[in-house]
Amino acid sequence: MSIGRQIGTILMKDLLLEWRSRARILSVVLFGIVALSLFAFAAGADTPMLQRYGPAYLVLTLLLSSTLALTEGFRVENEDRAIEGLLLLPVDPAAIFYGKALGNTLFLALLGPVLVGAAIVFYALEVGPVAVAKLLGLWALAAAGLSAPGTLYAAMTSQIRGQEVLLPIVHYPLVIPVLLAAVKSFDLALNGDPMAQMTSWISVLAAFSLIYWAVGGVLFRYVIEE
Amino acid sequence: MSWTLRASHWSGLLGLALLLVGSYIGLFASPPGRHMNEVIRILYVHVPTAWIHMVCYLIAFLCGLASLWSGRRRWDYALIGAVETGVVLNVLLLIQGMIWGRATWEAKWGWSWADARLTTSLMTVLIYAGILALGSFVDEPERRSRWMAVTNTMAFLAVMFNYYAPQIFPGLHQVGFTPETVDASFKMPLRINAFAMLFLAIWLIGQRAFLEHRRRQLEDVEPPTRLAMLEES
C-alpha cells in the first residue's frame, strides 16, 4: 500500500470514529464558545475594545481549543492500547503522523465557521462576506500550523501522567510564531490591509507549517516506538 | 574519575580564571562607551552569555541527533547537560537584557516587535523549560532519552528563529557584533569573557552529564543494589 493510501486510511479511520461518537466535536465547539464569551466577560461591556482585540481572542480560542482536540485525538488511541494494534500493521509511522495531523487540522478547521460566527456576534465585528472568507482561510492555515507540532507532542503526552499540564507547556511556547502571525493576519482581514502586509504574515504561517509538517513526519517514529 | 570529568574540572577552573580577567578588564581597564558611558560594560557579560547559550542549544541539538542516530547513552547525558546549561544562561541573558534595557531604553521589557530578540529569547527559554518538564514526567529512561532528542530537534528551529529575529523584524536590538564593528579596546574583554563562558559551559555540561550517567546507573539496578551503590558513593 502506498504511503498516500496509508495516510488516507488513517484519516478516514479518525473521521469515522469522530462521526460515530461526535463527542469530541460537540465538547470542543462548546468549549470554544465558552472561551470566546469569557474573554468578553473579562473585557467588560466595552464594544470598541472587543472589536479591537477580537482577532487576538479568536486566535487564543483556537489555541485553547486545539489543546482539547489534540488530547482527545490521542486518547482514543490509548484506550484498550489501540495504538499497539496500529503499530503492528505494516504502516509507515510517518503515515500515522500525517493521517492524524490531517485529521486534527480538518477538525480544527471545521470549528472555524462556528467560532468565527460566534465572535462576529459576541464582539460586534463589522465584516463583509469577503472578510469572513479570508478569516476562514487564515483559520485553516493557523490550524495546520498548530496541528503538526501538536500531534507530535500529543502523541508523547498521551502516554504519560500529567498530560493535561504537559501538552500546553510544550506546545504553546513553540507555536508563538503561529499565534503572532495569525493575530496579525486576522486583524488585517478584519480591518483592511493598506500596507499590503497580509502576504508576509501568511508566509510566516505557511513556512512554520511547512517546516513542522516535514520534521514531524521524520521524528514521529521515535515518539511511538516501544 | 574519568578523563572527561577531569577535563571538565580543568575547563571550569580555566573559565573562572578567564572570567575574572575579562571582568577586570571590562570593569576597570577598558574605556567607557562614547554614547552609553558606563552602561556599556554590561555588554562584556551580556554578549558572551548570548553567544554561549546558543552554543549550548546547538550542542543539545547535535547530541539529540547523535542519540537518535546511534542510540548511545553518552549523547543523552550530554544533551541533558547542554539543555540545562542553555536554560540557565538564557535566564541570565534575559535578566542582563532587562538591566540593559532599563538603563538604555528606559524600559525593562518591551513586548512589541520593537525588540524581537527579547521576545524570542523568552520564547526559547519557555520552550526548553517545557522540554525539561516533559523529561521529568517520563519514568522509562530509554523513552525519556528519545523524547528529549525529538523535542530538542523541534525546539532548535525556534533557536534559529531567535537568532535571525533582529534581521526579520528590525528594531532596537543590535543585529550582531563582528570584529569590524567593534572598537579595538572593546574586543579584548569581549573575547576573553566569551571563552570564559564557553569553558564554564563545558564544565557545567560535563558535570551534569556525569550526574545523569550516575542516575542512569542507579535506575538500571534493583533497589537493594541501588542502596549499596549509594552507600559506596
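Everything numeric in this text was worked out from a predicted model, so none of it was measured. (Residues numbered from 1 in each chain as written. Chains lettered and ligands numbered in written order. Predicted model: local features only at pLDDT ≥ 70, side-chain atom pairs only at ≥ 80, totals over all residues. Heavy atoms only, no water.)

**Some thoughts on the packing of aromatic side chains**
For any pair of aromatic rings, the description consists of the separation of the ring centres together with the inter-plane angle of the planes. Residues and elements named next belong to chain A. Summed over all chains, the structure comprises 15 aromatic pairs over all chains. Plain terms: the ring middles of Tyr 98 and Trp 213 are 6.1 Å apart, the flat faces sit at 10° to each other, and that makes the pair stacked. Separated by 115 residues along the polypeptide, Tyr 98 in helix α5 (residues 93–122) and Trp 213 in helix α9 (residues 198–224) bring together distant segments of the chain. Taking relative accessible area as the criterion, Trp 213 reaches 15% and is therefore assigned buried. Joined through ring pairs, the aromatic side chains of Phe 39, Tyr 53, Tyr 57 and Tyr 123 make up one cluster. The ring of Trp 19 carries Arg 22 above its face, with NZ or CZ at 4.5 Å from the centroid. Its end group placed over the ring of Phe 107, Arg 24 keeps NZ or CZ at 4.1 Å from the ring centre. (Phe/Tyr/Trp six-rings, centres within 6.5 Å; stacked < 30°, edge-to-face > 60°. Helix = DSSP H or I, 4+ residues; strand = E, 2+ residues; numbered from the N terminus. Buried < 20%, exposed > 50% of the residue type's maximum accessible area, 1.4 Å probe, protein only. Lys NZ or Arg CZ within 6 Å of the ring centre and 35° of its normal.)

**Quick look at the confidence of the model for chain A**
Taken as a whole, chain A shows an average pLDDT of 91; of its residues, 100% reach a score of 70 or greater. Mean pLDDT in chain A bottoms out at helix α4 (residues 82–88) of chain A, which sits at 81, and peaks at helix α6 (residues 129–157) of chain A, which reaches 95. (pLDDT = per-residue confidence, 0-100.)

**Thoughts on the packing of helix α2 (residues 23–43) of chain A against helix α3 (residues 47–78) of chain A**
All names here are of chain A. Running from N to C, α2 and α3 cross one another at 150°; their axes reach a closest spacing of 9 Å. Of the possible angle classes, the one that applies to α2 and α3 is roughly antiparallel. Remark: the crossing between α2 and α3 carries right-handed chirality. Packed against α2, whose contacting residues are Arg 24, Ser 27, Val 28, Phe 31, Gly 32, Ala 35, Leu 36, Phe 39, Ala 40 and Ala 43, the element α3 presents Met 49, Leu 50, Tyr 57, Leu 58, Leu 60, Thr 61, Leu 64, Ser 65, Leu 68, Ala 69, Glu 72 and Gly 73 at the interface. A breakdown of the residues in the contact of α2 with α3 according to their chemical character gives 15 nonpolar, five polar and two charged. (Axes fitted to C-alpha atoms, helices over the stretch in contact; angles between N-to-C directions. Parallel < 35°, antiparallel > 145°, perpendicular 65-115°, else oblique. Left-handed = near helix turned anticlockwise from the far one by under 90°. Contact = heavy atoms within 4.5 Å. Nonpolar A, V, L, I, M, F, W, Y, C, P; charged D, E, K, R; others polar.)

**Observations concerning the layout of surface pockets**
Residues and elements named next belong to chain B. The computed volume of the second largest pocket comes to approximately 630 Å³. Forming the walls of the second largest pocket are 20 residues, and the residues nearest its centre are Thr 4, Arg 74, Ala 78, Gly 206 and Ala 209. Those elements giving two or more residues to the lining of the second largest pocket turn out to be α1 (3–29), α2 (43–70), α3 (73–104) and α6 (184–220). Top element by residues in the lining of the second largest pocket is α6. It accounts for six residues. (1 Å grid on protein atoms, 1.4 Å probe; cavity = no way out; pocket = protein on both sides within 12 Å on 5 of 7 lines; lining within 4 Å. Points joined across faces, edges and corners; volume = space filled by probe spheres on them.)

**Brief notes about the interface of chain A and chain B**
Listed as interface residues are 26 residues of chain A and, on the opposing side, 25 residues of chain B. The contact between chain A and chain B buries some 2400 Å² in all, and 76% of this surface belongs to carbon and sulfur atoms. A per-residue breakdown of the area chain A buries against chain B is headed by Met 156, Arg 161 and Tyr 222 of chain A, which together make up 22% of the total. The salt bridge partner of Arg 161 of chain A is Asp 139 of chain B, with a shortest N-O separation of 3.3 Å. On inspection of chain A and its partner chain B, the count reaches five residue pairs in polar contact (both at pLDDT 80 or more). Going through the elements one at a time, α6, α7 (163–174), α8 (176–191) and α9 of chain A are the ones with two or more residues in the side of chain A that touches chain B. Tallied by class, the residues present in the side of chain A that touches chain B amount to 20 nonpolar, three polar and three charged. (Buried area = accessible area lost by both parts, 1.4 Å probe. Salt bridge = Lys/Arg side-chain N within 4 Å of Asp/Glu carboxyl O. Polar contact = N/O pair within 3.5 Å; in protein donor to acceptor, adjacent residues only side chain to side chain.)

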